Amino acid sequence: MRHGIHPVSRPVVFRDRASGFRLLTRSTIGSQHTVEWEDGAIHPVVDVEISSASHPFYTGTSRVVDTAGRVERFERRYGPARTRR
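Criteria and cut-off values
- Residues numbered from 1 in each chain as written.
- Predicted model: local features only at pLDDT ≥ 70, side-chain atom pairs only at ≥ 80, totals over all residues.
- Heavy atoms only, no water.
- Helix = DSSP H or I, 4+ residues; strand = E, 2+ residues; numbered from the N terminus.
- Buried < 20%, exposed > 50% of the residue type's maximum accessible area, 1.4 Å probe, protein only.
- Contact = heavy atoms within 4.5 Å.
- Phe/Tyr/Trp six-rings, centres within 6.5 Å; stacked < 30°, edge-to-face > 60°.

Undergrad: Tell me about the overall build of the chain, and please be specific about residues and values.
TA: When helices and strands are counted, the chain shows two helices and four strands. Across the chain, helices and strands are ordered from the amino to the carboxyl terminus as β-β-β-β-α-α. By residue count, 13% of the 85 residues in the chain fall in the buried class. Sequence separation of at least 24 residues holds for 33% of the intrachain contacts in the chain that already meet a minimum separation of 6.

Undergrad: Quick one: what's the story with the packing of aromatic side chains, residue by residue and with numbers?
TA: A full pass over the atoms with the stated rule returns one aromatic pair. Judged by centre distance (5.0 Å) and plane angle (50°), the rings of F74 and Y78 are tilted. Of this pair, F74 and Y78 are both found in helix α2 (residues 67-78), four residues apart, which corresponds to roughly one turn of the helix. Of the residues examined, Y78 reaches a relative accessible area of 59% and is grouped as exposed.

In short, shape yes, function no, at least from these values alone.
See below:
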């Protein structure tokens, strides 16, 4: 690796605005805002709209789409698909 061309990686806190979930990880993103972490250290904080703590897929609140019912409804309306020759 060439010296001086890579961005600086440092600890950054990502905070979910919807659930309040916080995650400390390393990132190259910068922020003007800071927050005190659980160990007393001050880190830059980046607010995100959605994370695994608030996303419907990860929280189990997502709906399952019945694709078999959609196919049957389509075939009732327009008939079964014809094969190409």
